[in-house]
Amino acid sequence: MPEHDNDLFLIIDVQNDFCAGGNLAVPDGDAVVPVINALGERFPHRVLTQDWHPAGHASFASSHAGRSPFELIEVAYGPQVLWPDHCVQGTDGAAFHPDLAVTGAEMIVRKGFREQIDSYSAFFENDQKTPTGLAGYLRERGFSRLYIAGLATDYCVAYSALDARRLGFQAIVIDDACRAIDLDGSLGAALRQFEEAGVELVTSHAV
Ligand code: VGL
Ligand code: ZN
């Protein structure tokens, strides 16, 4: 039960572009909304993340001549999947799903706003060095146990959960409150990494 003052519900990227009809729709992505809303009522403390790219972002295939979405390229910080244009700052695609309960959230972390660096994790950009500031926020407020849900299981949720462990937070991913993109086995890889890193995987009924 999320009954402790040190528990936080971290809701990752439940935005229109990751839901049905969006530019980077995650299969069945909308299904997380009612599960997250129901869970959210039981967590006094909630933080949301919002993927928030400038137009022409380096993670967009359209920014690279001759490249297509879902191709893998090498950039300064390592491999980078090229995505369709998505979550462009200020667009409807970047807005939270209209049915997501947002009002009571205590903070919104925006990420991916530097044109040259992608940012999956709620904690660090994909160079694994540039912080978002979330770790400091959580530590100052005394949160040590993070329940994590949202989109997509194998990208932003996974990177956030794994970074949380690296930073010394307890990380619990709520499986049925997430959906995956599953590109070239990325979901299986994420689940194996969860096990190695001590990220717990639970269903919402067990929370
Ligand atoms: C995400 C790909 C690109 C995510 C964000 O939220 O999982 N995936 N940008
Ligand atoms: Zn993105």
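Our structure is the block above this text.
Below or above, wherever it landed, is the structure these notes cover. Quick caveat, the model's predicted, so the values are computed rather than measured.

## Details of the side chain of Ser204
As for its position among the elements, Ser204 is in the segment after β8 (200–202). Taking relative accessible area as the criterion, Ser204 reaches 13% and is therefore assigned buried. Every residue in contact with Ser204, bar those within four places of it in the chain, is listed here: Val35, Leu39, Arg42, Ile174 and Asp176.

## Quick notes on helix α2 (residues 134–141)
Count 3.6 residues to each turn of an α-helix, and residues three or four apart come out pointing the same way. The set of residues buried in α2 consists of Leu134, Ala135, Tyr137 and Leu138. Seen end-on, α2 carries its buried residues on one side only, within an arc spanning 165°. Residues of α2 that are buried make contact with β1 (7–12), β2 (46–51), β5 (107–111) and β6 (145–151). Two residues or fewer past α2, Gly142 is found with a positive phi of approximately 80°.

## A short note on the coordination of the zinc ion (ligand 2)
Six octahedrally arranged donors around a metal ideally form angles of 90 or 180 degrees; four tetrahedrally arranged donors ideally form angles of 109.5 degrees. Taken together, the protein donors to the zinc ion (ligand 2) comprise Asp51 (OD), His53 (NE2) and His86 (NE2), at separations of 2.0 to 2.2 Å. For the zinc ion (ligand 2), the four donor atoms are set out with angles of 89 to 169° between them, so the coordination reads as irregular. Of note, the donors binding the zinc ion (ligand 2) are all from one chain and are spaced D-x1-H-x32-H. With a gap of 33 residues between them, His53 in the loop between β2 and β3 (72–75) and His86 in the loop between β4 (78–81) and β5 connect regions that are remote in the sequence. Like His53, the residue His86 is buried in the burial classification.

## Quick look at the packing of aromatic side chains
Tallied over the full model, the rule gives eight aromatic pairs. Ring centres 5.4 Å apart and planes at 70° place the aromatic pair Tyr120 and Tyr155 in the edge-to-face group. In this pair, Tyr120 sits in the loop between β5 and α2 while Tyr155 sits in helix α3 (residues 153–166), placing the two residues 35 residues apart along the sequence. Each member of the pair Tyr120 and Tyr155 is classed as buried.

## Considering the pattern of salt bridges
Here the structure, examined in full by the defined rule, presents eight salt bridges. Ionic pairing is found between Lys111 and Asp51, a salt bridge with its closest N-O pair at 3.1 Å. In this pair, Lys111 sits in strand β5 while Asp51 sits in strand β2, placing the two residues 60 residues apart along the sequence. By the burial criterion, Lys111 is buried, and Asp51 matches it. In this structure, the salt-bridge partner of Glu71 is Arg67, at a minimum N-O distance of 2.9 Å. Residue classification places Glu71 among the partly exposed residues on the basis of a relative accessible area of 27%. Overlapping salt bridges, with partners in common, bring together Asp13, Asp51 and Lys111 in one network.

Here is what the cut-offs are and how they apply
- Residues numbered from 1 in each chain as written.
- Chains lettered and ligands numbered in written order.
- Predicted model: local features only at pLDDT ≥ 70, side-chain atom pairs only at ≥ 80, totals over all residues.
- Heavy atoms only, no water.
- Helix = DSSP H or I, 4+ residues; strand = E, 2+ residues; numbered from the N terminus.
- Buried < 20%, exposed > 50% of the residue type's maximum accessible area, 1.4 Å probe, protein only.
- Contact = heavy atoms within 4.5 Å.
- Arc of directions from axis to C-beta.
- Donors = N, O, S within 2.8 Å, 3.2 Å for Na, K, Ca; no water.
- Tetrahedral: all angles 85-135°; square planar, octahedral: opposite > 155°, others 65-115°.
- Phe/Tyr/Trp six-rings, centres within 6.5 Å; stacked < 30°, edge-to-face > 60°.
- Salt bridge = Lys/Arg side-chain N within 4 Å of Asp/Glu carboxyl O.

So yeah, pure geometry; function would need other evidence.
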